Amino acid sequence: MLARKGSSQAAEALFDRYWTHAWRAAYAVTGDRSFADDAAQEAIEKAFGALDRFDETRPFAPWLKRIAINRAIDHLRRVRRGETLVGEETTFHTWEVGESADEDLRSWAVADAVAALGESKRLVIVLHYWLDLPLEEIAGVLGLPVGTVASRLARAKDELRAVLEEDRVV
Amino acid sequence: MSSELERRLRDAREALPTPEADSTERARERAVAAIARRKSRRARTAALVAAAVVVALLGVGFAGASFLRQPFTTYKPTTSRIVDRTFVCAHGALGDLPEIETRAGLGIREGRSRWKQLPYAIVATGRSTNAFTQWGSLTYAYAWITAGSPSAATRIDPPYARDLQRRELPVPATIGVNAKACKRSNARVPLSQAGLSGGAASPFGDELDCSTQRRFLIRVRAVLDSPTSLRARDSFLATKVPVREAKLAARTLNGKALVYAETFDSGKTRLFTANACVPE
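Below is a short write-up of the structure. (Residues numbered from 1 in each chain as written. Chains lettered and ligands numbered in written order. Predicted model: local features only at pLDDT ≥ 70, side-chain atom pairs only at ≥ 80, totals over all residues. Heavy atoms only, no water.)

1. Considering the overall build of chain B
1) Next: Regarding its fold elements, chain B presents two helices and 17 strands.
2) Next: Classification of the 280 residues of chain B by burial places 50% in the buried group.
3) Next: Here the analysis covers contacts within chain B between residues at least 6 apart in sequence; of these, 71% occur between residues at least 24 apart.
4) Next: Summed over its atoms, the accessible surface of chain B is roughly 13,100 Å², and 53% of this surface lies on carbon and sulfur atoms. (Helix = DSSP H or I, 4+ residues; strand = E, 2+ residues; numbered from the N terminus. Buried < 20%, exposed > 50% of the residue type's maximum accessible area, 1.4 Å probe, protein only. Contact = heavy atoms within 4.5 Å. Areas by Shrake-Rupley, 256 points an atom, 1.4 Å probe, with all protein chains shown as cover.)

2. Section: the pattern of salt bridges
It is possible for side chains of opposite charge to pair when their charged atoms get near one another.
1) Next: Per the counting criterion, the structure on display carries 22 salt bridges over all chains.
2) Next: Put simply, A:D16 and B:R28 hold a salt bridge, and the shortest N to O gap is 2.4 Å. Within this pair, whereas A:D16 is found in helix α1 (residues 8-30), its partner B:R28 is found in helix α2 (residues 21-58), the two belonging to separate chains.
3) Next: Between A:E45 and B:R30 there is a salt bridge, with the nearest N and O atoms lying 2.9 Å from each other. One end of the pair, A:E45, is in helix α2 (residues 33-49); the other, B:R30, is in helix α2, on a second chain.
4) Next: The exposure class assigned to B:R30 is partly exposed, which follows from its relative accessible area of 24%. (Salt bridge = Lys/Arg side-chain N within 4 Å of Asp/Glu carboxyl O.)

3. Some remarks on the interface of chain A and chain B
1) Next: On the chain B side, the residues contacting the 55 residues of chain A number 50 residues.
2) Next: The partner of A:E12 in a salt bridge is B:R28, with the nearest N and O atoms 3.8 Å apart.
3) Next: The tally of links between chain A and chain B comes to 13 residue pairs in polar contact (both at pLDDT 80 or more).
4) Next: Those elements that place two or more of their residues in the side of chain A that touches chain B are α1, α2, α4 (101-116), α5 (119-130) and α7 (146-166) of chain A.
5) Next: Of all the elements, α1(A) adds the most residues to the side of chain A that touches chain B, at eleven residues.
6) Next: Broken down by class, the residue content of the side of chain A that touches chain B amounts to 25 nonpolar, eleven polar and 19 charged. (Polar contact = N/O pair within 3.5 Å; in protein donor to acceptor, adjacent residues only side chain to side chain. Nonpolar A, V, L, I, M, F, W, Y, C, P; charged D, E, K, R; others polar.)

4. Description of the environment of A:H21
Residues and elements named next belong to chain A.
1) Next: Relative to the elements of secondary structure, H21 occurs in helix α1.
2) Next: For H21, a relative accessible area of 36% corresponds to the partly exposed category.
3) Next: With 47 residues separating them in the primary sequence, H21 and A68 have C-alpha atoms 9.3 Å apart.
4) Next: Excluding residues that lie within four positions of it along the chain, H21 makes contacts with A61 and K65.

Below you can see the structure in the form of structure tokens.
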């Protein structure tokens, strides 16, 4: 409410609470830090600029997450159309090493396998399992029929299972 | 099996990285500016309404309402002059020694404003290595820092900074990290000399070898002359923006300190290494 009235302190508090959330959603979709920076920043600006239209009876995080996802997908589409050159640091494999050995290495292997999927499969996996979107919502975000999303998800899981079984992760 | 896969998939989201401090600061400023713009628009709208009421009541024009001509609050994006990143690096698989080599040297001036040699510190592979990390003068470097503003004639890292004809090579970038050997990490790497020994580097260059495991951590922090970010250049993430001061730390994955180095645009370099590190 204070942020809506223009309080910069409230805006900072809101930012601190939700920025990482928005950024990780954008990163999960793009797999690229610079795109995630841009998409999350645009999402935060858009959300903050539209606070008047936000329904306060509903939670802020899912609203912001959805904006961040949409912005990130827009970035991917621009890249596909060749409007944006591949940005800096894209040589990086950006899934990060954690601190506790076995479980972290397994998570890293899973993240690697997800990253290695083709973009269409990777997106449905990421949107469903990492960003918790139901199939209907994924269909809306990607502009696809629900059945197509479901079959893509099934094929992506088959592919992941084969890779991760070979690596003895599952 | 499917539920096991689904569980692993959901767990894997914890491996997602977090945003860098510099991008967070930029986004914070823009977010606060977005709120300020809204406030400004609201104030302007309120002022317009009030002015319209006054005009309606007094029957005068808008000519004197200069505040209406004032622009909206504008935002000028800022970028950070501080680069602070941590990486997990891995030795190559083709017979590298499980050790890192650190090299450092003081700055050497040439006249008042030019540098013959920038103050520098480098963490590189050991001697037995595959050739996956060579770029310009930075032979087999995982990461390097400098300070000061190089000219075309400025050098670092003798005697390694030479081509096949033994000609000295220019400074390719003021700081850099090997993008093929290193990935971003969230691990905590203190920028501290605690537990290490050393001091001011020699103008002729210091060189020590430190045993480590296949993977190890590196953190680079630099205060630059102007805002920038590390960009992909060849196989490195690097910048050419001059550095005011920089710090470089290397640790094992278990947190054992191996190397800590500092460079300053005064020309000073300080290098500290673990006691187990041995001079070349």
